[in-house]
Amino acid sequence: AQKITQTQPGMFVQEKEAVTLDCTYDTSDQSYGLFWYKQPSSGEMIFLIYQGSYDEQNATEGRYSLNFQKARKSANLVISASQLGDSAMYFCAMRSNNAGNMLTFGGGTRLMVKP
Amino acid sequence: DTAVSQTPKYLVTQMGNDKSIKCEQNLGHDTMYWYKQDSKKFLKIMFSYNNKELIINETVPNRFSPKSPDKAHLNLHINSLELGDSAVYFCASSLRQGPNSPLHFGNGTRLTVT
């Protein structure tokens, strides 16, 4: 079984500052993928960034980076230079072969960016 | 150039009715999914199809029946709707089934059962 935990139900960040959203995972599989999704108030699910379990470098996509610490089983999302449009729900998710490659989600973190 | 499109966006209906949600993807992906998001925003997989074949069928009442006429379409039919079926339903697709393939989601269908 695989499990994703996001311990921050809600967070505030000042515009233009960086923010880290926490994600820890649990799996017995050696091969897995970690994903982050953004869900703005309009409701759509937007894929942000992916990290493979065998990737040695942390993934980056524009202002998003994934702080992958394999030994700690954590995959935190870092958003640099926050913008008002970053206010949304953020979901960490995981796929692994042993879990039938289902994408399993954490409970989400609501991020609010203050002007 | 919509990638994953689902219709309708909103669906309001009465208990006991039967309804369908349609989903189409133009990404050329092999695998399609249905997810349910409850009122607490928790997302849970319902079904997964690979090349029109059912791969995953999580613990979902058999009132829910997916149908995949071809690998670009995965529709969801719900019989005898209940109040507890009220949720947002997301269709998604991925290029492959493997752990390195992200899912791309449609915009969701908000189902309200009264």
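K.L.:
In this structure, what is going on with the overall build of chain A? I would like to understand it.
P.N.:
Helices and strands together make up the secondary structure of chain A, namely 0 helices and 12 strands. When the elements of chain A are put in sequence order from the N terminus, they spell out β-β-β-β-β-β-β-β-β-β-β-β. A globule of 115 residues ought to have a C-alpha radius of gyration of about 13 Å, and chain A, at 14 Å, matches this closely. Dimensions along the principal axes, computed over C-alpha positions, put chain A at roughly 45 × 30 × 20 Å. For chain A, the proportion of its 115 residues judged to be buried stands at 52%.

K.L.:
Where do I start with the interface of chain A and chain B in this structure?
P.N.:
Often, the extent of an interface is quoted as the loss of accessible area upon association of its parts. Across the boundary between the two partners, chain A contributes 23 residues, which contact 24 residues of chain B. Taking both partners together, chain A and chain B bury about 1,800 Å²; carbon and sulfur atoms supply 61% of that area. Joining chain A to chain B, the criterion identifies 0 salt bridges. Across the contact surface, chain A and chain B share 9 residue pairs in polar contact (both at pLDDT 80 or more). Counting residues per element, the ones that place at least two in the side of chain A that touches chain B are β5 (32-39), β6 (46-52) and β10 (88-96) of chain A.

Each value, and the rule that gives it
Residues numbered from 1 in each chain as written. Chains lettered and ligands numbered in written order. Predicted model: local features only at pLDDT ≥ 70, side-chain atom pairs only at ≥ 80, totals over all residues. Heavy atoms only, no water. Helix = DSSP H or I, 4+ residues; strand = E, 2+ residues; numbered from the N terminus. Rg over C-alpha atoms; globule rule 2.2 N^0.38 Å. Buried < 20%, exposed > 50% of the residue type's maximum accessible area, 1.4 Å probe, protein only. Contact = heavy atoms within 4.5 Å. Buried area = accessible area lost by both parts, 1.4 Å probe. Salt bridge = Lys/Arg side-chain N within 4 Å of Asp/Glu carboxyl O. Polar contact = N/O pair within 3.5 Å; in protein donor to acceptor, adjacent residues only side chain to side chain.

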